[in-house]
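# Summary of structural features
Given next are the chains, with one letter for each unit.
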Amino acid sequence: MNKYILKRLGIAALTLLVIVFILFMMMKLMPGTPFNDEKLPPEKIASLMAKYGLDKPLYVQFFKYVVNLVKFDFGISYVINKDISINLMLSTRVPTSIRIGLQAVALGTVIGLILGIVAALKHNTIWDNLTTVISVLGVSVPSYVFALGLLYVFAFKLKLFPLLYSKVHPFQSSLLPTFSLSMFTIASIARFTRTEMLEVLDSDYILLVESKGISGSALIFRHALRNALIPIVTVLGPLVVGLMTGSLVVEKIFSIPGLGAMTTAAIQANDYNVTIASTYIYSLMYIVIMLVVDISYGIIDPRIRLAKEGSGE
Amino acid sequence: MAREKIMEVRDLSISFKTTSGILNAIRGVDMDLYRGETVAIVGESGSGKSVTAKAMMGILASNAIVNSGSVKFTYDNKGVSKTVDILKMKKSDIRREINGQHIAMVFQDPMTSLDPTMTIGKQITESMIWHYKTPKKEAEEKAIELLSLVGITEPEKRIKNYPHQLSGGMRQRVVIAIAMACDPDLLICDEPTTALDVTIQARILELIKDIQYKKNISVIYITHDLGVVAKVADYVDVMYAGKLVEKGTIDEIFYEPHHPYTWGLLSAMPDLDTRDERLYTIPGSPPNMMKPIPGDAFAPRNQYALNIDNRLDPPMFKLTDTHYAATWLLDERAPKFDMPPEIAARIARMKKEENHDDQ
Ligand SMILES: Nc1ncnc2c1ncn2[C@@H]1O[C@H](COP(=O)(O)OP(=O)(O)OP(=O)(O)O)[C@@H](O)[C@H]1O
Ligand SMILES: [Mg+2]
């Protein structure tokens, strides 16, 4: 297992390096330099280039850039919060986004699993049909529509929740955004769980477990769900990515001071440093999640874990 | 010694709800099983062998409809003999009282019948801990014992293995160990060797026989291979299209078969005698069980069919106390004729081999 985790870690680091390289190249391929002012004399531009190290060979620049990223040193914002350190901007935004994101993943996974399991156990009943309806809705309706709908009903009409995110009530005001974000996850996981559970429940090994006299939750969780989880875990990664893009919109709707809102603003304002910083953070989060998925995959499925170790024999 | 009956199936009739209609899989089956004895159920694919076994086990698929019948099972309940009708029991009661503890099953394909995410040790100990609350340590010791009983070397190491680390033959041994974990009275083996190599097949058969002898359990052996039957069974039930067409002791079925379908099965059996270049196959195919079957289901494939076969299903004619066959050929009004010469020759050959083996 350790060897397996190490290998996954290596792959993750490599992926991150590739992403960072692409980011760097995209920046370099943009027309012009940061000093495009026509009034600047060429010698002044040259000295500025020297000052910021932009006259050095590309590989030296790339190395420095990587070192700064690894140190989480993103420099300052040029536009949206002029001359403010980006790290300072991130320090409140990243935790907020991660918290809401994790809430949405957790909520989506738990509710999705429950719905899927119930649908499979009560195959071809009203519960099963209800789950199918929820899945179709959740997958086909975009999260901002849910967000607006929830806002209208629960915040505007029923006044159960605040209309906008507030730092004073960070949990209560994050519930509606969490729920709108998790709808897609709920729907996908429910649908997937239902299919996988039905298949597993129909398998020979479940019949053998039943013929041993095992029933109830031991049968469902210890045997059926554990096996059904193997393919379910694989879709978790892409789902989380979907969450990240969804958060761009949902953060805007609920005025959440998060990473998503900052990213949208930075892209609109051509604030390169901020764009790079948030892209980097997004990539990092994505890679961490994929790592977690890979590792839990190994934990659940001994065939993966042991195959990578060359089977204890 | 008086034989102790442990299972009595009467008039079992089971259908399945399918998208294309109702499929009548079992159409009136009677069967008896005594302690320590082996009954083989033979028949072509689709004849209803597995469905019968699953009904006995209480693990019928959810789309199954039990039209009629009873499956009376007698077992020792804390020192008192108790008889239950499996078909009338609640599923949860069957799991709690019968499955694993009194009736266990070995399935056809060892590659798919073990849980891939659990060590084989845990799969063996699970039912002991579940039913008897056996302490983990003790259960593990018993698992190691069971693994050596089924002929797995280094059982202490093996209990930590996962199914994918074992070969097919080994896995079937593990499945047998799982089945034996709670000391059942009845072991149902549904084609336990079909998916295995020929050499391993023989060893698994030996193993089941050995365990049966050591533990004095009853075994129901499901197969379409009469060669296997000859090796393991005391009694044989021949099944066709959801019905028993002939039943008898192993000698009666092999040396004095009366049903044309049994003749067909016997001729289809591979023979050591290589003068038979090609294996016989019974012409035609089994009937469509979605449609009502008028008369004898085997009639269309039976070269000896009488007119009455197309109208009326034959009853079981009694030949001896143990031997019955459902064919109108046994009616006193039926024309007299001799068994087809190839079958007669075949039987003579089997008898000779048998005598030869005994010396
Ligand atoms: N769950 C089910 N739903 C619908 N039909 C079924 C179901 N289970 C079995 N059948 C049908 O019942 C009939 C008997 O099946 P069964 O599995 O008992 O055959 P078998 O004698 O065991 O054959 P084989 O040698 O292929 O295992 C077949 O026609 C089969 O298609
Ligand atoms: Mg079968």
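Heads up: these notes are all about the structure in this document. None of the values given here were measured: they were computed from a predicted structure. (Residues numbered from 1 in each chain as written. Chains lettered and ligands numbered in written order. Predicted model: local features only at pLDDT ≥ 70, side-chain atom pairs only at ≥ 80, totals over all residues. Heavy atoms only, no water.)

As a further point, take the state of the cysteines. One pass over the full model with this rule turns up zero disulfides over all chains. Considering cysteine sulfurs only, Cys189(B) is the nearest to Cys182(B), which forms no disulfide, with 16 Å between them. (Disulfide = S-S within 2.5 Å.)

Residues and elements named next belong to chain B. If you walk across this open sheet you meet the eight strands as E6-E7-E8-E3-E9-E10-E12-E11, and the pairing is mixed. Only two strands of the sheet have a single neighbouring strand rather than two, namely strand E6 (103–106) and strand E11 (317–318). As paired strands, strand E3 (residues 38–42) and strand E8 (residues 218–223) are joined by five bridges and run parallel to one another. Bridging from a neighbouring strand, Thr-38 pairs with Val-219 of E8. Along the sheet, helix H6 (residues 168–180) makes contact with E6 and strand E7 (186–190), crossing E6 at roughly 175°. (Pairing = 2+ DSSP bridges. Helix = DSSP H or I, 4+ residues; strand = E, 2+ residues; numbered from the N terminus. Contact = heavy atoms within 4.5 Å. Axes fitted to C-alpha atoms, helices over the stretch in contact; angles between N-to-C directions.)

Moving on: helix H4 (residues 136–149) of chain B. Residues and elements named next belong to chain B. With 14 residues, H4 ought to run about 20 Å at 1.5 Å a step, and its terminal C-alpha atoms sit 20 Å apart, in line with that. Taken residue by residue, H4 has Ala-139, Ala-143, Ile-144, Leu-146, Leu-147 and Leu-149 as its buried positions. Where the residues of H4 are buried, they touch helix H3 (120–132), helix H5 (155–158), H6 and helix H7 (198–215). The positive-phi residue at the C-terminal boundary of H4 is Gly-151, with phi of around 80°. (Expected span 1.5 Å × (residues − 1). Buried < 20%, exposed > 50% of the residue type's maximum accessible area, 1.4 Å probe, protein only.)

As enumerated under the stated definition, the model contains two cavities of 30 Å³ or more in all. Of the voids in this model, the largest cavity is the one considered here, and its volume is about 50 Å³. The wall of the largest cavity is formed by Leu208(A), Ser211(A), Lys212(A), Gly100(B), Ala104(B), Met105(B), Ser127(B), Ile178(B), Ala179(B) and Cys182(B). At the level of secondary structure, the elements contributing two or more residues to the lining of the largest cavity comprise helix H8 (204–211) of chain A together with E6 and H6 of chain B. A class-by-class count of the residues in the lining of the largest cavity yields six nonpolar, three polar and one charged. If you add up the space inside the second largest cavity, you get close to 40 Å³. What lines the second largest cavity is simply Phe161(A), Pro162(A), Leu163(A), Leu164(A), Tyr165(A), Gln172(A), Ser173(A), Leu175(A), Leu176(A), Pro177(A) and Phe254(A). (1 Å grid on protein atoms, 1.4 Å probe; cavity = no way out; pocket = protein on both sides within 12 Å on 5 of 7 lines; lining within 4 Å. Points joined across faces, edges and corners; volume = space filled by probe spheres on them. Nonpolar A, V, L, I, M, F, W, Y, C, P; charged D, E, K, R; others polar.)

Turning our eyes to something else, we now look at the nonpolar core. Among the nonpolar cores identified, the biggest contains 108 residues, and Met7(B), Phe73(B), Leu187(B), Ile188(B) and Phe254(B) are the most heavily contacted of them. The biggest single contributor to this core is H6(B), with seven residues. Looking at which domains feed residues into this core, each of domain 1 (5–233) and domain 2 (239–358) of chain B supplies at least three. Beyond its immediate stretch of four places on either side in the chain, Leu187(B) contacts Ala104(B), Met105(B), Val106(B), Ala179(B), Met180(B), Ile208(B), Ile217(B), Ser218(B), Val219(B) and Ile220(B). If you look at the next biggest cluster of nonpolar residues, it comprises 44 residues, including Leu16(A), Leu176(A), Val250(A) and Tyr280(A). (Core = buried A, V, L, I, M, F, W, Y, C linked by side-chain atoms within 4.5 Å. Domains from an automatic or database assignment.)

Note on strand geometry: in a regular strand, side chains alternate between the two faces of the sheet. All names here are of chain B. With six of its seven residues buried, strand E10 (residues 243–249) lies for the most part within the structure. The sheet contact formed by strand E9 (residues 235–240) and E10 spans six bridges and is antiparallel. Each residue of the ladder has a partner; that of Met-239, found in E10, is Leu-244. What sits between E9 and E10 in their antiparallel hairpin is a turn of two residues, with Ala-241 showing a positive phi close to 45°. Here E10 runs beside strand E12 (residues 324–325); their pairing, made up of two bridges, is antiparallel. Following the sheet pairing, Lys-247 is matched in E12 by Tyr-324.

Bringing the side chain of Ser127(B) into the picture now. Residue placement: Ser127(B) occurs in helix H3. For Ser127(B), the contacting residues outside a window of four places in its chain are Lys212(A), Ile214(A), Tyr132(B), Ala181(B) and Cys182(B).

Residue and element names in this part refer to chain B. Close contacts around ligand 1 come from 15 residues, with Ser-45, Gly-46, Lys-49, Ser-50 and Val-51 the closest. Within the backbone of Ser-47, an N or O atom sits 3.2 Å from an oxygen atom of ligand 1. In the model, an oxygen atom of ligand 1 is placed 2.7 Å from a nitrogen or oxygen of the Ser-50 side chain. Taking 640 Å² as the accessible area of ligand 1 by itself, protein coverage stands at 70%. Mapped by element, the contributors of at least two residues to the shell around ligand 1 are strand E1 (5–18), strand E2 (21–34) and helix H1 (49–57). Here the shell around ligand 1 takes three residues from H1, the largest share from any one element. Looking at the shell around ligand 1 residue by residue, the classes come out as five nonpolar, seven polar and three charged. (Near = heavy atom within 4 Å. Polar contact = N/O pair within 3.5 Å; in protein donor to acceptor, adjacent residues only side chain to side chain. Areas by Shrake-Rupley, 256 points an atom, 1.4 Å probe, with all protein chains shown as cover.)

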